[in-house]
Amino acid sequence: MCITGLPAIWEDLSDGVPTDLSIFGEDIAVRLDFLRSSLKQAGDHAAFEVDLGENGIFEFRCRKVSIPQHGLYSILSIVEKTEERRRERALRTLLMEVSHRSKNLLAVVQGIASQTARFSGSLEGFLQKFRGRLYALSKAQDIVTDSEWRGVGFMDLLKAQLEMCNPAKIAQIEMTGENILLSPNAAMHIGLALHELIVNSTNYGGWLGAPGSIRVSCRMERGEGPPFITINWHEDLQALPAATDQNLQARFGSTVLEKVVPVSVNGTAVYTMDSRGISYALRFPADVNE
């Protein structure tokens, strides 16, 4: 019997009779001795595993059998379990990650529901806004899942959110910078921010027809310190609607843009709406994507 990672010292036996100690070493020999002593009658069986690190994982199985005219004997078998255990560990890690992400997503949904209700004047208004925000989250979730949770390029995320609202107006957007890969968490929250900006543009900016009336950029800032990602949205306005006042900045869209999203990516954000247009600047450390 030859097992990778177990000491092969058959040739060193002085009396030619192999023993647990000579084959497996002291630690395993002691465990085998205890295992055999715990088996009292035919049919009894027990097992233990040994993790040999890079050399693999092995299961030692021992069963008590009765051989006619010879009495009771212990039969030892060794099974390699390396790949099976690695798959189990990977599955446990995946399940823990799914559970963690699900809890985070439910917390986001709960926050969306409560804040949307807070700033909605009617049930119909609440349902309309809430469905739109949930759809924005689900769209971001879909493209994150399609990437096998590796992340989403910012420009790809922007286009996906734009296509949800009005694909014909994508030509208005002037996109510059880099298609930086966003982590799943960053993609989920930035996708929600983009949804709010697009909805605000529809409601207050009127989706101006001139190409380039909305300018969006994404860039990596590299200096002496840690790198940062900066996202900028600027929309030209012909004139602000009469409903636009200081109270408008307290609406839920502002809460998402100025508080929820930057906190979620450990960054900072500035959101303004005035006679010069609508501007949003988000800056966060690039290491949140790692």
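Everything here concerns the structure above.
This text gives an overview of the structure that appears in the document. (Residues numbered from 1 in each chain as written. Predicted model: local features only at pLDDT ≥ 70, side-chain atom pairs only at ≥ 80, totals over all residues. Heavy atoms only, no water.)

Pairing geometry for strand β1 (residues 45-51) and strand β2 (residues 57-67), over seven bridges, is antiparallel. The residue bridging F48 from the neighbouring strand is F60, located in β2. Between the end of β1 and the start of β2, which pair antiparallel, lie five residues, with G53 showing a positive phi angle near 65 degrees. Pairing analysis gives 10 bridges linking β2 to strand β3 (residues 71-80), with the strands arranged antiparallel. Its bridge partner being in β3, R63 is matched across the sheet by I75. What sits between the antiparallel neighbours β2 and β3 is a turn of three residues, in which Q69 has the positive phi angle 70 degrees. (Pairing = 2+ DSSP bridges. Helix = DSSP H or I, 4+ residues; strand = E, 2+ residues; numbered from the N terminus.)

With that out of the way, let us pick up helix α4 (residues 123-146). Given 3.6 residues to a turn, an α-helix orients residues that are three or four positions apart in the same direction. The end-to-end C-alpha distance of α4 is 34 Å, a good match for the 34 Å that 24 residues give at a rise of 1.5 Å each. Listing the buried residues of α4 in full gives G125, F126, F130, G132, R133, A136, L137, A140, I143 and V144. Of the residues flanking the end of α4, it is E148, one or two places downstream, whose phi is positive at about 60 degrees. (Expected span 1.5 Å × (residues − 1). Buried < 20%, exposed > 50% of the residue type's maximum accessible area, 1.4 Å probe, protein only.)

Next up on the list: the packing of helix α3 (residues 82-118) against α4. To characterise two packed helices, one gives the angle between the axes of the helices and the distance between these axes. Interaxial distance between α3 and α4 falls to 9 Å at its minimum, and their mutual angle equals 155 degrees. The angle between the axes of α3 and α4 places the two elements in the roughly antiparallel class. Relative to α4, the crossing made by α3 is right-handed. Facing α3, whose interface residues are L105, V108, V109, I112, A113, T116 and A117, α4 presents F126, K129, F130, R133, L134, L137 and Q141. Broken down by class, the residue content of the contact of α3 with α4 amounts to 10 nonpolar, two polar and two charged. (Axes fitted to C-alpha atoms, helices over the stretch in contact; angles between N-to-C directions. Parallel < 35°, antiparallel > 145°, perpendicular 65-115°, else oblique. Left-handed = near helix turned anticlockwise from the far one by under 90°. Contact = heavy atoms within 4.5 Å. Nonpolar A, V, L, I, M, F, W, Y, C, P; charged D, E, K, R; others polar.)

By size, the foremost hydrophobic cluster in this structure holds 45 residues, and its most contacted members are F154, L157 and I190. Here this core takes nine residues from helix α6 (residues 184-205), the largest share from any one element. The residues touching F154, leaving out its near neighbours within four places in the chain, are N179, I180, L182, I190, L194, V216, S217, C218 and I231. Of all hydrophobic cores here, the second largest spans 12 residues; its members include F24, L35, V50 and F60. (Core = buried A, V, L, I, M, F, W, Y, C linked by side-chain atoms within 4.5 Å.)

All right, on to the sheet that holds β1 then. The three strands are arranged β1-β2-β3 in an open sheet whose pairing can be described as antiparallel. The open sheet is flanked by β1 and β3, the only strands paired with a single partner. Going across the sheet, the axis of each strand differs from the next one's by a mean of 20 degrees, ignoring polarity. Sheet strands in contact with helix α2 (residues 26-37) are β1, β2 and β3, and its direction is about 165 degrees off that of β1.

When their charged atoms lie close together, side chains carrying opposite charge are able to pair. Taken as a whole and judged by the stated rule, the model has 11 salt bridges. One salt bridge in this structure joins D51 and R89, with 3.4 Å as the shortest N-O distance. A residue pair is termed long-range when its members are at least 10 positions apart, and D51 in strand β1 and R89 in helix α3 qualify at 38 residues. The exposure class assigned to D51 is partly exposed, which follows from its relative accessible area of 47%. Judged by relative accessible area, R89 falls into the partly exposed class, the value being 41%. (Salt bridge = Lys/Arg side-chain N within 4 Å of Asp/Glu carboxyl O.)

The next subject is unusual backbone geometry. Located in the positive-phi region is Q69, a residue other than glycine, with phi close to 70 degrees. Along the chain, Q69 falls in the loop between β2 and β3. On the basis of relative accessibility, which here comes to 84%, the residue Q69 falls in the exposed class. With phi around 60 degrees, N266 is a residue other than glycine that occupies positive phi space. Secondary-structure assignment places N266 in the loop between α7 (252-264) and β9 (268-274). Using a relative accessible area of 57% as the deciding quantity, one classes N266 as exposed.

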